[in-house]
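Close look at the chain arrangement
One letter stands for each residue in the lines below.
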Amino acid sequence: MGDLETTREKTEWTWGTQTFVVENAAISAGEDTCAMLLDASVVPLLPRTLQSPPLGPNPPAFFVADAGTKGAGMFAARDIPAGALILVDRPVAVVPSNVASPWKREAFDALLPRLSQISRGRLLALANCKPLSEFPLVEGIALTNASQISLPVPPTATPQEYGGVFPDISRANHSCGLDITVKWDLVSFSASLYALRPIRAGEEIFNQYIDVLAPHADRRTQLARYGFTCMCVHCDLPDAAAVARSDAARTELRDWRHLHPRFLPWSLDACRSDDTIIVSNRRALALIEQEGLYGMQVPFMEEIALSYAVMGDESRFCEWAQKVVDLCVGQDPQRAAEFAGWIADPKSYKRWGWRAKQKLILDQQKDPADLDISIPW
Ligand SMILES: C[S@@+](CC[C@H](N)C(=O)[O-])C[C@H]1O[C@@H](n2cnc3c(N)ncnc32)[C@H](O)[C@@H]1O
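What you see is a predicted model, and the numbers here were worked out from it, not measured in a lab. (Residues numbered from 1 in each chain as written. Predicted model: local features only at pLDDT ≥ 70, side-chain atom pairs only at ≥ 80, totals over all residues.)

1. Focus on the site of the ligand
Contacts to the ligand come from 20 residues, most closely from G71, A72, C129, N173 and F228. Listed by contribution, the elements that provide at least two residues to the shell around the ligand are strand 7 (72-76) and helix 3 (137-145). A breakdown of the residues in the shell around the ligand according to their chemical character gives 8 nonpolar, 10 polar and 2 charged. (Near = placed C-beta within 6 Å. Helix = DSSP H or I, 4+ residues; strand = E, 2+ residues; numbered from the N terminus. Nonpolar A, V, L, I, M, F, W, Y, C, P; charged D, E, K, R; others polar.)

The structure is reproduced here in structure tokens:
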């Protein structure tokens, strides 16, 4: 456990109807601190006592090293299986996003003296892609490194987005695939980073800074604010035809739910073919693999598993349900437990074998002996 002991900074800044204050949180018993620029109405809603964050792997599963033109980068210290926890990190700073106020320089820089020496050093060691002439130091570092986190929303206040600056997670460079996921947990004030595909020892671990389903040209435009042109394996394509193919795949995945058959209606409709969802979702998984968007796999795998469940095919159900369990065990333990329960006892799934039963009934009705061929005259 740790205490979120906050001491209110006297200075306040107003922006529209919002009043921002600097809070200094001692987030662990050690030297770690977090300085936060918050809407004052959020402060009373923050947890007063923090749960301990989950323990990260020991020895660490990552290391930070030179990543060439990208600056420093995060690398796998050993083979990391899909679904595994890579690291747990707490922010050193929390700042509001998109507050275009004249007092920004002063308010952001007011965070620095509120940090312990160690936390200040960790914040200042991070990359800054913004010129100091245009952006105050802490804002430049936040714009380069912050990841969106959710804080409690007061019922009457304007909803405000916040970014957390995490000293370790910030070392991950961007790629337009989806290899990892970051889960923010307010009660332990920590973010956990999980692998979504197997990552080999020495391989660079990438995060995503933008919407990776956007087309190639839009992604490049969005990434310009980080000061680089993305040359990741998904962007560095040989010709316009390859770009068009990639854009088409990403657009199809984005619009998937509007374009393709849906699981629930299929599962209730015995007239549709058994493999409708399986064929469709396998196509989605092929596109995901082509584009390296591994973070999108779970809902499709889940529906394939449940399709086999509705068909009463135990071995294929268990095969696909296990994939869901493996990917979710860390990042979505509730879902993993639900599927693990069904693997242990497939018939506990409430629609187990429904389609098989419907087929049997239909087949019996097709038996000429069961057909009523009497002519009513
Ligand atoms: C959050 S930091 C990532 C870690 C950073 N490379 C460092 O040295 O600490 C973001 C900055 O890293 C660099 N960067 C991240 N991804 C990159 C990429 N795919 N290509 C080139 N530079 C990248 C850019 O300078 C960007 O502003």
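There's plenty left to go through after this.
2. Remarks on the domain arrangement of the protein
Accessible area lost upon the coming together of the parts is a frequently used measure of interface size. Domain annotation for the protein reports domain 1 (2-205) and domain 2 (244-360). Taking the mean C-alpha position of each, domain 1 and domain 2 sit 34 Å from one another. With 12 residues of domain 1 in contact, the opposing surface of domain 2 contributes 11 residues. (Domains from an automatic or database assignment. Contact = placed C-beta atoms within 7 Å.)

3. Focus on the nonpolar core
L37, I86, A93, A142, V165, A305 and V324 are the most contacted members of the largest nonpolar core, which totals 78 residues. For this core, the element with the highest residue contribution is helix 9 (residues 297-311), accounting for 9 residues. Shared between two domains, this core takes at least three residues from each, and those domains are domain 1 (2-205) and domain 2 (244-360). Beyond its immediate sequence surroundings of up to four residues, I86 is in contact with A61, F62, I80, I180, L193, Y194, A195 and I205. (Core = buried A, V, L, I, M, F, W, Y, C linked by C-beta atoms within 7 Å. Buried ≥ 20, exposed ≤ 12 C-beta atoms within 10 Å, placed from the backbone.)

4. Digging into the sheet that holds strand 14 (residues 204-205)
Sheet architecture is open: 3 strands sit in the order 6-7-14, paired in antiparallel fashion. Whereas interior strands pair on both sides, the edge strands pair on one side only; in this sheet they are strand 6 (62-66) and strand 14. Note: strand 7 against strand 14, 2 bridges, orientation antiparallel. Opposite M74, over in strand 14, you have I205 as the bridge partner. (Pairing = 2+ DSSP bridges.)

5. Some details on the UniProt feature "domain: SET" (unreviewed entry) in the protein
UniProt annotation of "domain: SET" (unreviewed entry) refers to residues 60-210 when read in the numbering used here. Secondary structure within residues 60-210 divides into 15% helix and 26% strand; the distance between the first and last C-alpha atoms comes to 27 Å. (UniProt positions renumbered as here; feature names shortened; annotations may be inferred.)

6. Focus: the sheet that holds strand 12 (residues 180-185)
Strand order across the open sheet formed by 3 strands is 8-13-12, with antiparallel pairing between neighbours. Both outer strands of the open sheet, strand 8 (85-89) and strand 12, are each paired with one neighbouring strand and no more. If you compare each strand with its neighbour and ignore which way they point, the axes differ by 20° on average. (Axes fitted to C-alpha atoms, helices over the stretch in contact; angles between N-to-C directions.)

7. Brief notes about the environment of S101
By the element assignment, S101 lies in the loop between strand 9 (93-96) and helix 1 (104-109). Taking C-alpha positions, S101 is 59 Å from W354, a pair spaced 253 residues apart along the chain. In contact with S101, not counting residues within four places along its chain, are W13 and W15.

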